[in-house]
Amino acid sequence: MFLLLCILVLCALYLSSNFIRLLVRQARSPLRRLPGPPSPSFFMGNLGEMHDQENTNLLANWQAKYGPNFTYRGFIGGCRLMTCDPVAVAHILGNAYEYPKPDFVRDSLATMAAGHDGLLTSEGEMHKRQTPAFSYSHLQSLTPIFWEKADQLRDIWLQLPEKPVPTRVCFGYHFNSLSTCNTTNELAQAFSVIFSTARKFRVMTILQVWFPILRDLFRRNNTTMVTATETMRRIGLELVAERQRAVTDELLEKGEKTVDGDKTILGKDILSVLIRSSLTASLPQQMAIPEILSQISTFIAAGHETTSNALSWCLYALVNSPKVQKQLRRELRQLDGARDDQGKLQDAVMRCEYLDWVVREALRLHAPVTSTMRVCMRDEDEIPVDTSSTPSNPTGGYLDRHGIRRHTIRVKKHDIITIPIQAINNSEQIWGADAKVFRPERWANPPSCSNSIPGLYSNILTFLNGNPTNGNRACIGYKFALLEMKIFLYVLLRDLEFTIDPATVIEKRVNVVTRPFVKSEPHLGNQLPLYIRPAPSDSMGPTPQL
């Protein structure tokens, strides 16, 4: 009894000491000098009102009032930096290894991606040596499966292409998610549990961030989550063992120590490439089994969640812009001359200018991941800001809470930073008064100030930064995603017409990625109900027969 009491006392002291350090650190943060919105709650700060920010225009209103650099309040009133300043964003994202994801974000992602060893959650040296193959020649070898799944999706008249990602490309595993007779695939069910509908804002969710012990004590559906995680691990181990045997046999058969992943006739899926690379690498560069398992979950999660939602939001934009949809279909049908040769057709699809504009605009207006969080791990830093003069701000910089003009943002170790990807992509200061309007034609002559956005792709932050200084955490699979989206859009939009009930109001809910919800039916979870029918014929092509 005495021993138990001592353990409880020690645990209480440990928790209280961490809590006290948190309070002291927040009280001493230089971020307190920045302006920002009032906090409606001492315990939860602004987090409650931010939970629905994608539907309330909250960040745009805050930016209009406080400028591109301001603070909002987190747990127990802690100041967190919110920056839409392209210079500050470039500094933070460009120094990725000194501005990693906060531990609580990594823990949350690790729950969904089976550990801390995947590309989404690893940091430092581990992240540096995790280099899956996304060369253009490797992607070319995978595209037949994109076409196969796009054709299958079109042919079986799915109401919503929620899961277009070709998971067979990644790991040689057949989800059969497009099969009308299959509803019991256990890995698909496991991921469905883990990536369930968006969570409501709850005080316990915030408390679990700062007190990890509460995650196990008060986790909803804990047994179901454990079962789903065990299923992922078991199937993952089976896949790794199968691919290891195949790669080893291939190496022995060829009598070589290495096999070019782009030329091999066996195992072109990403898992085989990972294992082949690991087996033939020097010992320090080899990945352990837990790392490879995390990559499986990471790539399925990243592909299943981000690309499928990006495609869904693109279709949503097109049903609300019938003229754009019709113009896109007309442009796609002009490529029919190359349909007898898939290679030529694919090249034509990738070069289609109007399709490229549509994809760019959809990714700008509906980023699958709307924000990213970072934490300063330097002892101190001065984050530079935009110092260019404007009519409203001739001396550049920003005014702090005390009216002092500053040209850097001072931060200390453990200060938390939020970069609102969607708010920057939709900024009226950058894109003009129609920034929130789906208008692909803007890409014919994008505004010059969009060049200030340090994006990896097309002057938008959807795939994060494109100019790393110390560490690169941009989306490693962005070419994969763009190729997949364009192939699917060609197959679907050429032959199908998409519409939506005008009375249907779609809202955005965020749980890692942004999903569509019907406002009047939140209890049904994420959904995007669309009407689909064969597209009408026009002078550019015959009526499709489905």
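Residues numbered from 1 in each chain as written. Predicted model: local features only at pLDDT ≥ 70, side-chain atom pairs only at ≥ 80, totals over all residues. Heavy atoms only, no water.

A.B. asks: Can you tell me about the side chain of Asn309, naming the residues and giving the values?
C.D. replies: On the secondary structure map, Asn309 appears in helix H15 (residues 289–319). Sequence-distant contacts of Asn309, defined by excluding residues within four places in its chain, comprise Val513, Thr514, Arg515 and Pro516. (Helix = DSSP H or I, 4+ residues; strand = E, 2+ residues; numbered from the N terminus. Contact = heavy atoms within 4.5 Å.)

A.B. asks: Go over helix H17 (residues 342–351), please, and point to the residues and values.
C.D. replies: Within H17, the full set of buried residues consists of Leu345, Gln346, Ala348 and Val349. Buried residues of H17, viewed axially, fall in a sector of 160°; they line one side. Seen from the open side of H17, the exposed residues pointing more than 90 degrees away from its buried face are Lys344 and Arg351. Where H17 begins, the capping side chain belongs to Asp341, and its oxygen is found 3.0 Å from the backbone nitrogen of Gly343. (Buried < 20%, exposed > 50% of the residue type's maximum accessible area, 1.4 Å probe, protein only. Arc of directions from axis to C-beta. Polar contact = N/O pair within 3.5 Å; in protein donor to acceptor, adjacent residues only side chain to side chain.)

A.B. asks: Tell me about the environment of Arg374, and name the residues and values.
C.D. replies: Examined against the element boundaries, Arg374 turns out to sit in strand E3 (residues 372–375). In the structure, Arg374 is positioned 41 residues away from Asp415 in sequence and 8.6 Å away in space, judged by C-alpha atoms.

A.B. asks: I'd like to hear about the pattern of salt bridges, residue by residue, with values.
C.D. replies: Close approach of charged atoms allows side chains of opposite charge to pair. A full pass over the atoms with the stated rule returns 18 salt bridges. Its salt-bridge partner being Asp155, residue Arg154 comes within 2.9 Å of it at the nearest N-O pair. On the accessibility criterion, Asp155 (42% relative accessible area) is partly exposed. Linked through salt bridges whose partners overlap, the residues forming this network are Asp151, Arg154, Asp155, Asp336, Arg494 and Asp495. (Salt bridge = Lys/Arg side-chain N within 4 Å of Asp/Glu carboxyl O.)

A.B. asks: Explain the packing of aromatic side chains to me, using residue names and the numbers behind them.
C.D. replies: All chains considered together, the criterion is met by eleven aromatic pairs. Geometrically, the ring pair formed by Trp313 and Tyr316 is edge-to-face, given 5.5 Å between the ring centres and 85° between the ring planes. Within this pair, Trp313 and its partner Tyr316 are both found in helix H15, separated by three residues, close to a single helical turn. The burial state of Trp313 is the same as that of Tyr316; both residues are buried. (Phe/Tyr/Trp six-rings, centres within 6.5 Å; stacked < 30°, edge-to-face > 60°.)

A.B. asks: Provide a residue-level description of the environment of Arg243, including the pertinent values.
C.D. replies: Here Arg243 is to be found in helix H13 (residues 222–254). Taking C-alpha positions, Arg243 is 7.3 Å from Ile275, a pair spaced 32 residues apart along the chain.

A.B. asks: Summarise the nonpolar core; cite the residues concerned and give the values.
C.D. replies: Ranked by size, the top nonpolar core spans 84 residues in total, and within it Leu363, Ile383, Ile409, Leu493 and Phe498 carry the most contacts. The element that contributes the greatest number of residues to this core is helix H21 (residues 478–495), accounting for 13 residues. Discounting chain neighbours no more than four positions away, the residues touching Ile409 are Leu31, Leu34, Asn69, Leu81, Asp381, Glu382, Ile383, Val385 and Tyr398. Counting residues in hydrophobic clusters, the runner-up holds 15 residues, among them Leu47, Leu58, Leu59 and Trp62. (Core = buried A, V, L, I, M, F, W, Y, C linked by side-chain atoms within 4.5 Å.)

The values reported here are purely geometric and, on their own, carry no functional implication.
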